[in-house]
Amino acid sequence: MYVVVLDPGEDAVAELTAFARDRSLGASQVTAVGAFSEAVVGWFDRQAKDYRPIPVEEQCEVLSLIGDVAVADDGPTPHLHAVVGLSDGSTRGGHLLSGRVWPTLEVVVRDSPAELAKTHRPDIGLALIDLG
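The model shown is predicted, which means the values in this text are computed figures rather than measured ones.

### Describing helix α1 (residues 12–22)
- Residues Ala12, Val13, Leu16, Thr17, Phe19 and Ala20 constitute the buried set of α1. One side of α1 carries all its buried residues, which in axial view fall inside an arc of 160°.
- Tucked into the core, α1 has its buried residues touching β1 (2–6), β2 (27–45), β4 (60–72), β5 (75–85) and β6 (91–111).
- Between the side-chain oxygen of the N-cap and the backbone nitrogen of Val13 there are 3.2 Å, and the N-cap of α1 in question is Asp11.

Quick look at the structure:
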């Protein structure tokens, strides 16, 4: 198990990707709490085979951040989903595309000796875990 504490201004997705690759993680579970000064979550558009960005352009609480790390063509890659809380109590959520940390993001990464591999599925437009 690893604990990763991100600092103000860091991008959560970039930092967690670098962390996973530096440690050659192959099958990990990720959870986190904290806050972002701004974020972009995404909703997957099946027709376009791509994420539609949903910008969150204000300070927000990370109410839930969950995901995994599996090995894709370019190395260990986090797949993260987040729900963030806004100042009026409403929420936004989806695939985490970016999140600028402020003041902190406390991340727990539970690694496994197994290796999960992702294979790009052109019919879907995503790399998905392939169990063989």
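### What about the pattern of salt bridges?
- Enumeration according to the criterion identifies 3 salt bridges in this entry.
- Here Arg21 and Asp74 are joined by a salt bridge, their closest N and O atoms 3.4 Å apart. With Arg21 in helix α1 and Asp74 in the loop between β4 and β5, this residue pair connects regions lying 53 residues apart in the sequence.
- On the basis of relative accessibility, which here comes to 54%, the residue Asp74 falls in the exposed class.

### What about the pairing of strand β8 (residues 126–130)?
- With 5 bridges joining them, strand β7 (residues 117–121) and β8 adopt antiparallel strand pairing. In the strand pairing of β8, His120 is matched with Ala127.
- What sits between the antiparallel neighbours β7 and β8 is a turn of 4 residues, in which Gly125 has the positive phi angle 95°.

### Some words on the UniProt feature "domain: PPC" (unreviewed entry) in the protein
- Mapped onto this structure's residue numbering, the UniProt feature "domain: PPC" (unreviewed entry) falls at residues 1–132.
- Taken end to end, residues 1–132 comprises 8% helix and 65% strand; its first and last C-alpha atoms sit 26 Å apart.

### A closer look at the pairing of β4
- Two elements, β2 and β4, share 9 bridges in a ladder whose sense is antiparallel. Its bridge partner being in β4, Gln29 is matched across the sheet by Asp68.
- Of the pairings in the sheet, the one linking β4 to β5 comprises 11 bridges and is antiparallel in character. What sits directly across from Gly67, in β5, is Leu80.
- Remark: 2 residues form the turn of the hairpin made by β4 and β5, two consecutive strands paired antiparallel.

Scoring rules and cut-offs
- Residues numbered from 1 in each chain as written.
- Predicted model: local features only at pLDDT ≥ 70, side-chain atom pairs only at ≥ 80, totals over all residues.
- Heavy atoms only, no water.
- Buried < 20%, exposed > 50% of the residue type's maximum accessible area, 1.4 Å probe, protein only.
- Helix = DSSP H or I, 4+ residues; strand = E, 2+ residues; numbered from the N terminus.
- Arc of directions from axis to C-beta.
- Contact = heavy atoms within 4.5 Å.
- Polar contact = N/O pair within 3.5 Å; in protein donor to acceptor, adjacent residues only side chain to side chain.
- Salt bridge = Lys/Arg side-chain N within 4 Å of Asp/Glu carboxyl O.
- Pairing = 2+ DSSP bridges.
- UniProt positions renumbered as here; feature names shortened; annotations may be inferred.

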